[in-house]
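Understanding the architecture of this molecule
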Amino acid sequence: MMRPDRADGGRLGPRAPRRLLCLLGLALLAAVACRRVPAPAPRDQPAVVVVESDEDDGTTPSVAEHEPNDEPRQAQALKVGQAIRGTLKGRGRADRDWYALEVDRPKQITRLQLGPLGDEDLRLDLYTTPGQRIAVADNAGPGAGEVLPNLALEVGPYLVRVRARVGARHKTKAVAAKARSARAAGASSAVASGSYRLLFALRDRGEQEEIEPNDLSARATDLRFGESSGEAVGYCGARKDVDWYRLAPRTWPADRLLHLAADGLDGVRFDLAWRDAGGQVIAQREARANEGAELANLQLPPPGLGATLTVDCRSGYDLDVPYVLRLGLQPAVDTEREPNDRFDQATALAVGQPLGGSSPIARMSTATAWR
């Protein structure tokens, strides 16, 4: 504690401001000295660009739905950035509203957002032709919106269908009470209906962003890998969403192993898997909700062979916050090489050679790697 200047009757003397400045300077120096600033991780790829959500906040200009539009040939055109106010009207059968959209240039990301204006349970489907569906959003229950967040569609026309779920899995008390009232009043049949708001948005694809749909090995997003690292960004945009990525064949350094990691997501549990070019699992790790996952000491593919990897969203989903997938090379010195959970995959151990290993939590495939 600072002592008062005695010559001034206990008040602070003329040297007090200088003392205060000195103490303040010492405090700032101490704070700076104690602050730990982590060194940036080395990378030879551009930093991943995370695209901010273009979620509809209800202020986007809107127009009314044009009836009839319950057949694909009657589909109403959707314009970029313009919302549609529609109504599903029961006329003895469930109403289905069809819309048409056009992707006019490549490397565009499409977002379709459907919001009920009541407590209905709606479903959103995307088609290339009336019989060829390529995506569906049916994650939320009554009163909640459905979103197809990041579709990398080829240039051309598409069809969108909006409909209400009949006999929905999710029922609120209000919906159940409404159905009971309709039956008590002698309604001929319960037909799902309701009002909604539909928005079609386009944006440029972010750097190293996944390309949906990529839920099959044949649709895997190509993953760029520089001299020593690679990155990608993707979304667990729906329950049971699976994102596939592909590494092209190349000549890998013989004295390196691969380290693979993915960030965690709030409320989302996913599996991270390293696979051969044909999709066979080599190593796999489960990430619990809010936690990431990593696989270390992975053997790289032989020359001339590529590889694949997956992020399998087991439970939960997040439409707006992406995960970041990171791959990097690590020295193959004094460490095991995965997979080595079988006799014929054993890591060579020399006399007197120290050897470290990774945690056994990761689940290794029983198939032979890199056949």
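Higher on the page you've got the structure.
Residues numbered from 1 in each chain as written. Predicted model: local features only at pLDDT ≥ 70, side-chain atom pairs only at ≥ 80, totals over all residues. Heavy atoms only, no water.

Before going further, it helps to examine the environment of Leu-260. Turning to its location among the elements, Leu-260 is positioned in strand β14 (residues 256-262). According to the relative accessible area criterion, Leu-260 is buried, its value standing at 0%. Taking the C-alpha atoms as reference points, Leu-260 and Leu-298, separated by 38 residues in sequence, lie 8.3 Å from one another. Residues within four places of Leu-260 in sequence aside, it is in contact with Leu-272, Trp-274, Ala-293, Glu-294, Leu-295, Leu-298, Leu-309, Leu-325, Arg-326 and Leu-327. (Helix = DSSP H or I, 4+ residues; strand = E, 2+ residues; numbered from the N terminus. Buried < 20%, exposed > 50% of the residue type's maximum accessible area, 1.4 Å probe, protein only. Contact = heavy atoms within 4.5 Å.)

A few words now on the state of the cysteines. Summed over the entire model, instances satisfying the criterion amount to one disulfide. A disulfide bridge connects Cys-236 with Cys-313, and the sulfur atoms are separated by 2.0 Å. As the torsion about the S-S bond is roughly -75 degrees, the Cys-236-Cys-313 disulfide counts as left-handed. Placement of the pair is Cys-236 in the loop between β12 (229-234) and β13 (242-247) and Cys-313 in strand β18 (residues 307-315), with a sequence separation of 77 residues. (Disulfide = S-S within 2.5 Å.)

What follows concerns the nonpolar core. Counting 30 residues, the largest nonpolar core has Leu-260, Trp-274, Leu-325 and Leu-327 as the members making the most contacts within it. Taken together, the elements giving at least two residues each to this core come down to β13, β14, β15 (269-276), β16 (281-287), β17 (293-298), β18 and β19 (323-331). Leu-101, Leu-112, Leu-151 and Tyr-158 belong to the second-largest nonpolar core, a separate cluster that totals 24 residues. (Core = buried A, V, L, I, M, F, W, Y, C linked by side-chain atoms within 4.5 Å.)

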